[in-house]
Amino acid sequence: MKKRSFSPFVLFLFPLAALALLVAVGCSNESNDLDSEEVVEIVLTPENAEESIDTDSRQTTDALAAEGMSVASGTNSRVRAKRNVILMIADGAGFGSFYSAADFMSGAPNGLFYQKSPWEFVCCATFHKKSFYDPEQDWAYFPNFSLPIEQKPAEFIPPDSASTATALNTGVKTRNGRIGVGPADERLVTLAELAKKNGFGTGAVSSVQVASATPAAVAAHNVERKSGQELFSQMLFENNLDVIIGSGHPEFDNDGRPRAPHFGKYGPSAEVWSRIRSGALSETWTFAETREAFVGIANGTTPTPRRLLGLAPVDASFQFDRAPNAPRMESVPTLSEVSLAALKVLEQNERGFFIMIEGGAVDNANHWGNLERCVEEMVEFNLAVEAVCRWVEEHSSWEDTLVIVTTDHDTGAIYGLHADENGIPREIPSFQGKGRLPIAKYYANDHTKQIVPIYARGRGAENLRKNFRGKDAKMGEMWSVDGNYIDNTDVFPIMRDTLLGE
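Conventions and cut-offs
Residues numbered from 1 in each chain as written. Predicted model: local features only at pLDDT ≥ 70, side-chain atom pairs only at ≥ 80, totals over all residues. Heavy atoms only, no water. Axes fitted to C-alpha atoms, helices over the stretch in contact; angles between N-to-C directions. Helix = DSSP H or I, 4+ residues; strand = E, 2+ residues; numbered from the N terminus. Contact = heavy atoms within 4.5 Å. Nonpolar A, V, L, I, M, F, W, Y, C, P; charged D, E, K, R; others polar. 1 Å grid on protein atoms, 1.4 Å probe; cavity = no way out; pocket = protein on both sides within 12 Å on 5 of 7 lines; lining within 4 Å. Points joined across faces, edges and corners; volume = space filled by probe spheres on them. Pairing = 2+ DSSP bridges. Right-handed = clockwise from strand over helix to strand, strands pointing away. Expected span 1.5 Å × (residues − 1). Polar contact = N/O pair within 3.5 Å; in protein donor to acceptor, adjacent residues only side chain to side chain. Buried < 20%, exposed > 50% of the residue type's maximum accessible area, 1.4 Å probe, protein only. Phe/Tyr/Trp six-rings, centres within 6.5 Å; stacked < 30°, edge-to-face > 60°. Lys NZ or Arg CZ within 6 Å of the ring centre and 35° of its normal. pLDDT = per-residue confidence, 0-100. Core = buried A, V, L, I, M, F, W, Y, C linked by side-chain atoms within 4.5 Å. Parallel < 35°, antiparallel > 145°, perpendicular 65-115°, else oblique. Left-handed = near helix turned anticlockwise from the far one by under 90°.

Digging into the packing of helix α6 (residues 161–170) against helix α16 (residues 491–500)
Reasoning step 1: Interaxial distance between α6 and α16 falls to 6 Å at its minimum, and their mutual angle equals 35°. Contacts from A167, L168, N169 and T170 in α6 reach V491, F492 and M495 in α16.
Reasoning step 2: For the contact of α6 with α16, the class distribution of residues is five nonpolar, two polar and no charged.

With respect to empty space enclosed by the protein
Reasoning step 1: Applying the stated rule across the entire model yields seven cavities of 30 Å³ or more.
Reasoning step 2: Of the volumes computed, that of the second largest cavity is approximately 70 Å³.
Reasoning step 3: Lining the second largest cavity are D138, Y141, F145, K152, F156, P158, H447, T448 and K449.
Reasoning step 4: The residue inventory of the lining of the second largest cavity, partitioned by class, reads four nonpolar, two polar and three charged.

Remarks on the pairing of strand β8 (residues 285–288)
Reasoning step 1: Here β8 pairs with strand β9 (residues 307–311) via four bridges, running parallel. Along β9, the bridge assignment pairs A288 with G310.
Reasoning step 2: Taken together, β8, helix α11 (residues 291–299) and β9 constitute a β-α-β crossover, and its handedness is right-handed.

Section: helix α14 (residues 371–395)
Reasoning step 1: Taking 1.5 Å as the rise per residue, α14 with 25 residues should run 36 Å; its terminal C-alpha atoms sit 35 Å apart, in good agreement.
Reasoning step 2: Where α14 begins, one side-chain oxygen reaches toward the backbone nitrogen of E372, 3.4 Å away; that side chain belongs to N370.

Focus on helix α12 (residues 335–346)
Reasoning step 1: Look at α12: 16 Å from first C-alpha to last across twelve residues, which is about the 16 Å you get at 1.5 Å a residue.
Reasoning step 2: By the criterion of burial, α12 is predominantly enclosed, with eleven of the twelve residues buried.
Reasoning step 3: Where α12 is concerned, the buried positions are L335, S336, E337, V338, S339, L340, A341, A342, L343, V345 and L346.

Points about the packing of aromatic side chains
A ring pair, where both rings are aromatic, is described by two values, the distance of the centres and the angle of the planes.
Reasoning step 1: This model, assessed by the stated rule, comprises 24 aromatic pairs.
Reasoning step 2: Judged by centre distance (6.2 Å) and plane angle (80°), the ring pair of Y415 and Y443 falls under edge-to-face. Taken together, the residues Y415 in strand β13 (residues 414–415) and Y443 in the loop between β14 (440–442) and β15 (447–448) connect sequence positions 28 residues apart.
Reasoning step 3: Its relative accessible area of 1% is what places Y415 among the buried residues.
Reasoning step 4: Judged by its relative accessible area of 10%, Y443 is buried.
Reasoning step 5: For the cation-ring pair, K441 lies above Y443, with the distance from its terminal atom to the ring centre recorded as 4.7 Å.

Structural notes on unusual backbone geometry
As a rule of thumb, non-glycine residues mostly have phi less than zero, and peptide bonds are mostly trans rather than cis.
Reasoning step 1: With omega at 15°, the peptide bond leading from S117 into P118 counts as cis.
Reasoning step 2: For P118, the location among the structural elements is in the loop between α4 (95–106) and β5 (120–125).
Reasoning step 3: Positive phi values are uncommon outside glycine, yet N325 reaches one of about 70°.
Reasoning step 4: Here N325 lies in the loop between β9 and α12.

Some details on the confidence of the model for the protein
Reasoning step 1: On average, residues of the protein score 87 in pLDDT, and 84% of them are at 70 or above.
Reasoning step 2: This stretch, residues 1–80, has a pLDDT under 50; its non-local contacts, to residues over four places away or in other chains, come to 174 contacts.

Points about the nonpolar core
Reasoning step 1: I86 and F98 are the most contacted members of the largest nonpolar core, which totals 87 residues.
Reasoning step 2: For this core, the leading source of residues is α14, giving 14 residues.
Reasoning step 3: Those residues in contact with F98 that sit more than four places away from it in its chain are A90, A93, Y114, Q115, M378, F381, V405, T406, T407, P453 and Y455.

A look at the sheet that holds strand β10 (residues 352–359)
Reasoning step 1: If you walk across this open sheet you meet the eleven strands as β8-β9-β7-β6-β10-β4-β11-β16-β5-β18-β17, and the pairing is mixed. Every other strand in the sheet has two partners, leaving β8 and β17 (470–471) as the edge strands with one partner each.
Reasoning step 2: Note that strand β4 (residues 83–90) and strand β11 (residues 401–406) share six bridges and pair parallel. Bridge pairing in β11 links V85 to L402.
Reasoning step 3: Strands β4, β10, β11 and β16 (452–458) of the sheet are contacted by α14, whose axis makes an angle of about 170° with β4.

Re the pairing of strand β6 (residues 201–209)
Reasoning step 1: Of all nine residues in β6, nine are buried, a share of seventy percent or more.
Reasoning step 2: When β6 meets strand β7 (residues 243–247), the two strands line up parallel, connected through four bridges. Across the sheet, residue Q209 finds its bridge partner in β7, namely S247.

Quick notes on the packing of α11 against α12
Reasoning step 1: For the pair α11 and α12, interaxial distance at closest approach is 7 Å and the crossing angle is 45°. When the interaxial angle is binned, α11 and α12 end up oblique. The handedness of the crossing between α11 and α12 is left-handed. Of the residues in α12, those touching α11 at R291, F294, V295, I297 and A298 are E337, V338, L340, A341, K344 and V345.
Reasoning step 2: Across the contact of α11 with α12, the residue classes tally to eight nonpolar, no polar and three charged.

Structure follows, in structure tokens:
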């Protein structure tokens with residue numbers, strides 16, 4: 001995203017009375033009935049955040065398996081034969097973002113269900129084609145993280161979402177700014193394209209504009225990520241996606257208020273919007289633009305579309321870009337709701353599916369050095385992870401589905417207050433427990449190329465630990481992990497082989 005002006009500052013944190021996040025009942029542990037026509041809303045406060053996200057307190061897949069019971073009662077061989085890969089990306093969320101949200105929600109920085117066994121964990125390098133990752137050199141360069149891009153050597157310029165999303169979706173390192181295009185400007189083949197050719201369903205879902213870099217890289221190609229209207233058209237018309245959902249509705253502003261059509265950089269052009277509005281798309285497409293429409297599809301109270309194009313009634317992002325101090329917009333669906341709608345569509349495919357689901361505004365918050373909004377966006381993302389995992393247990397199985405939870409790159413370099421004489425942090429944030437933000441400092445106002453976490457569970461998850469490229473002992477010591485890392489290009493073959501292999 002565009003770099004913003006920033007003055008490094010310390011966030012001296014204080015208790016949050018509540019983080020008001022409205023979610024559908026499908027995201028609450030108290031009920032998982034998605035067949036009810038009534039949409040019940042709860043307010044996520046620090047008092048109930050842990051119960052909502054932590055699956056240890058309920059009967060999980062592992063408990064059922066220990067009792068010799070089927071996870072998805074009534075499943076038959078046809079359903080069990082399906083293969084699904086679900087890639088979930090919290091854009092711009094490094095260790096500091098993941099751990100801060102986990103502590104806020106559960107009372108421990110590694111207290112969320114996907115941070116525990118039986119989930120696999122590895123670190124991952126995210127550098128672009130002209131760069132590298134060397135722990136010693138990269139830690140030595142840490143004090144220069146906030147230098148302007150033009151003052152950094154090419155090898156220390158951090159990756160952007162275009163190059164990282166391309167690496168995840170194609171297995172090829174490329175230069176910054178390229179979407180589905182290699183370093184020599186060659187068109188690459190994405191996992192979604194491979195999946196579609198082999199009869200699988202495919203989808204891209206985001207809480208930011210639908211043709212921004214991360215969702216666009218699922219099935220579009222351009223040497224310039226800023227060509228968003230062209231990327232949108234490719235996503236919609238090249239027949240490689242069955243589900244496309246995000247923000248960027250031309251008829252609503254950032255506060256969800258109606259306006260005359262405005263055609264931004266990462267949404268439909270005026271010509272394409274005219275076709276959408278007039279119903280001139282292929283009859284296989286259904287267009288959804290209200291929260292009620294997404295919820296209706298998710299819970300089955302409206303007919304399930306063959307293919308779904310969804311634009312939430314808001315412009316830049318689901319919630320992040322609303323006016324300062326404004327309450328959350330109740331007219332805008334949650335990431336959980338649109339994710340469940342997408343899964344409802346894709347589960348119709350007899351072979352299975354691949355989908356990428358992005359919490360896209362964590363990156364925005366970290367560019368601004370706003371830890372409170374970072375945590376808000378991470379909570380929204382984590383609730384979507386829970387909703388997706390519940391779908392796996394109710395409609396598929398961990399034997400047939402791989403879920404990967406990760407990021408594309410770190411943004412902000414969130415650590416503790418104290419640094420050494422060279423400006424390298426001595427500590428991670430001081431975590432304050434459930435319902436409270438940690439005491440932390442942003443050391444960068446842009447992306448970094450520090451290694452990031454990957455969590456995975458299900459079919460093929462163990463393969464993440466079979467191709468380590470190196471070890472960052474300092475990162476491991478600071479965040480209490482082993483520090484072994486793979487490369488982001490290693491994720492693609494694991495997803496491909498899980499979905500398409502024997």
